[in-house]
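Working through the structure, step by step
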There are 2 protein chains.
Amino acid sequence: MAALGTAFTLDPRLAANTLPVAQLDLCDVRLMDDTRFGWLVLVPRRVALEEIFDLDADARIRLLAEMDQTAVALRAQLPCDKLNVGALGNIVRQLHLHIVARRVGDVAWPGPVWGHDARVPYTLAAGRALCAALRARLVASTE
Amino acid sequence: MAALGTAFTLDPRLAANTLPVAQLDLCDVRLMDDTRFGWLVLVPRRVALEEIFDLDADARIRLLAEMDQTAVALRAQLPCDKLNVGALGNIVRQLHLHIVARRVGDVAWPGPVWGHDARVPYTLAAGRALCAALRARLVASTE
C-alpha cells in the first residue's frame, strides 16, 4: 500500500457521487450519479492538485485535449443546448473538472447545476448502461 | 462600421455588468462589477464563439495561458482560498470564462457565485482603482 500523499487516490466524496466511465491518459472520467443532467467529471490522476494552474504546461494541454474528447462524447450521447464547464472545488478540494450537458428547461436552467438541490441517482442498470455507452464513445475517439 | 457578424463586439449584457481591465492577445479581461467577489471575466475577441471547444487548438492554448496569467494577477491582488473557474453561457452565449477568487465564508460560500442574488456594484472610484491595479499586474506579467 502506498504511503499517504505519494499515490493518487480518488477523493471519497467524488467516489461516492460518481460512477466510473473510463481512464484517459491523464484523467479518470466519471459520471455524476444524477439523472437530472448529463454530467461528467474529469479527475487528473495526480497527487495534491487543487487548481488547474497547479498542473505543469504539458499536463494542462493534455487536460484540455481530454476535456474536448469528453465533451464530444458527452454531446454525442446526450444532445444538449449548451455545455457548462467548471472547476470549483470549494467542497472537494481534489482538482476535478465538470462538463455538463445543459438543456434549455432542465431543472436548474439557466442557473448552474452546482448546489442545485439533491441528486437523483440512476438505477444500477441505467447507470451502468450510460457509462458503457460513454466509454465506447471515448474509446472510439482515441483509436 | 463592420457588418454584423464580421467583427468582434462585446455582448451588451457583459458590457453592462463588467468594467474593462485589459486587453491580452486573445482576450478582453473585465472585472465583474460586484464587490462581493473578486471576479474576472475573459472574453476571447472572436466572432460567433459559444464553447471553449469551438476555438482552434492554438487559441485554446493561448486561452489557457491567459487564464493562468489572469488567475495569478487576481490572486496577487485579492488573496483567496480557492479559485473558481467556469464557462457557462446559459444566459449570455458569447464565450466568456469566469475566474473568481473565493474566500471561505464569502456570501455564496461554498456554493457557486453564478446566480447568487444581485450584484453589489463598486463605486466609480473603487472600480477604477481595482481595474487599474489588476491591469498593472497583468501588464507586468507580460513584460
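Parameters at a glance
- Residues numbered from 1 in each chain as written.
- Chains lettered and ligands numbered in written order.
- Predicted model: local features only at pLDDT ≥ 70, side-chain atom pairs only at ≥ 80, totals over all residues.
- Heavy atoms only, no water.
- Salt bridge = Lys/Arg side-chain N within 4 Å of Asp/Glu carboxyl O.
- Helix = DSSP H or I, 4+ residues; strand = E, 2+ residues; numbered from the N terminus.
- Buried < 20%, exposed > 50% of the residue type's maximum accessible area, 1.4 Å probe, protein only.
- Contact = heavy atoms within 4.5 Å.
- Buried area = accessible area lost by both parts, 1.4 Å probe.
- Axes fitted to C-alpha atoms, helices over the stretch in contact; angles between N-to-C directions.
- Parallel < 35°, antiparallel > 145°, perpendicular 65-115°, else oblique.
- Left-handed = near helix turned anticlockwise from the far one by under 90°.
- Core = buried A, V, L, I, M, F, W, Y, C linked by side-chain atoms within 4.5 Å.
- Least-squares fit on C-alpha atoms with pLDDT ≥ 70 in both.
- Nonpolar A, V, L, I, M, F, W, Y, C, P; charged D, E, K, R; others polar.
- Pairing = 2+ DSSP bridges.
- 1 Å grid on protein atoms, 1.4 Å probe; cavity = no way out; pocket = protein on both sides within 12 Å on 5 of 7 lines; lining within 4 Å.
- Points joined across faces, edges and corners; volume = space filled by probe spheres on them.

Right, let's talk about the pattern of salt bridges for a bit. Residue and element names in this part refer to chain A. Under the counting rule described, the total for this entry stands at 20 salt bridges over all chains. Put simply, R93 and E50 hold a salt bridge, and the shortest N to O gap is 3.6 Å. One end of the pair, R93, is in the loop between β4 (82-87) and β5 (97-102); the other, E50, is in the loop between β3 (38-44) and α2 (57-77), and 43 residues separate them in sequence. For R93, a relative accessible area of 25% translates into the label partly exposed. For E50, a relative accessible area of 33% corresponds to the partly exposed category.

Moving on to the interface of chain A and chain B. Quite often, the size of an interface is put as the accessible area lost when its parts meet. Each side of the interface is counted separately: chain A has 30 residues, and chain B has 30 residues. Approximately 2,800 Å² of surface area, both sides summed, lies buried where chain A meets chain B, with 60% of it carried by carbon and sulfur atoms. Sorting the residues of chain A by area buried against chain B places F53(A), K82(A) and N90(A) first, and these three jointly supply 24% of that buried surface. At the boundary of chain A and chain B, one finds four salt bridges.

On to the packing of helix α2 (residues 57-77) of chain B against helix α3 (residues 124-142) of chain B, then. Residue and element names in this part refer to chain B. Where α2 meets α3, the axes come as close as 9 Å, and the angle between the chain directions of the two elements is 130°. Between α2 and α3, the crossing angle belongs to the class labelled oblique. Relative to α3, the crossing made by α2 is right-handed. Where α2 abuts α3, its residues Q69, T70, A73, L74, A76 and Q77 lie against L130, A133, L134, R137, L138, S141 and T142.

Time to look at the nonpolar core. Counting 64 residues, the largest nonpolar core has V21(A), M67(A), V21(B) and M67(B) as the members making the most contacts within it. Not counting residues within four places of it along the chain, the set of residues in contact with V21(A) comprises V29(A), R30(A), L31(A), L40(A), C131(A), L134(A), R135(A) and L138(A). Ranked by size, the runner-up nonpolar core spans 26 residues in total, among them L10(A), F37(A), L10(B) and V113(B).

Quick look at the relation of the copies chain A and chain B now. With an axial shift of 0.0 Å and an RMSD of 0.0 Å, the rotation relating chain A to chain B amounts to 180°. The superposition of one copy onto the other is thereby described by a two-fold rotation axis. Residues of chain A ranked by C-alpha distance from the rotation axis are headed by G86(A), positioned 2.0 Å from it. A share of 100% of the interface residues of chain A reappears at the interface of chain B, consistent with the copies meeting face to face through the same patch.

Close contact between α2(A) and α2(B) brings their axes to 11 Å; oriented N to C, the two are set at 120°. Between α2(A) and α2(B), the interaxial angle falls into the category oblique. Between α2(A) and α2(B) lies a crossing of right-handed hand. Each of R60(A), I61(A), L64(A) and D68(A) in α2(A) lies in contact with α2(B), whose residues at this interface are R60(B), I61(B), L64(B) and D68(B). When grouped by side-chain class, the residues that make up the contact of α2(A) with α2(B) number four nonpolar, no polar and four charged.

Moving on, we get to the sheet that holds strand β1 (residues 18-23) of chain A. Sheet architecture is open: ten strands sit in the order β1(A)-β2(A)-β3(A)-β5(A)-β4(A)-β4(B)-β5(B)-β3(B)-β2(B)-β1(B), paired in antiparallel fashion. Of all strands in the sheet, those bounded by a partner on one side alone are β1 of chain A together with β1 (18-23) of chain B. With direction set aside, neighbouring strand axes in the sheet form an average angle of 20°. Across five bridges, the pairing between strand β4 (residues 82-87) of chain B and strand β5 (residues 97-102) of chain B is antiparallel. Of the residues in β5(B), the one forming a bridge with N84(B) is V100(B).

Now for the pairing of β4(A). Extensive coverage of β4(A) is indicated by the burial of six of its six residues. Of the two faces of β4(A), the one carrying K82(A), N84(A) and G86(A) and the one carrying L83(A), V85(A) and A87(A) are both buried. Summarising the sheet, β4(A) and β4(B) pair through three bridges and their orientation is antiparallel. Each residue of the ladder has a partner; that of A87(A), found in β4(B), is V85(B).

Let's shift gears to the side chain of R60(A). Within the element layout of this structure, R60(A) appears in helix α2. Exposure remark for R60(A): the relative accessible area of 13% places this residue in the buried category. Those residues in contact with R60(A), other than ones at most four positions away along the chain, are I52(A), F53(A), L55(A), L64(B) and D68(B).

We now examine empty space enclosed by the protein. One pass over the full model with this rule turns up three cavities of 30 Å³ or more. The space that makes up the largest cavity amounts to roughly 140 Å³. In terms of lining, the largest cavity is formed by 18 residues, of which the most central are I52(A), M67(A), I52(B), M67(B) and V85(B). If you list the elements that add at least two residues to the lining of the largest cavity, you get α2 and β4 of chain A together with α2 and β4 of chain B. Of the residues that constitute the lining of the largest cavity, the class distribution is 14 nonpolar, two polar and two charged.

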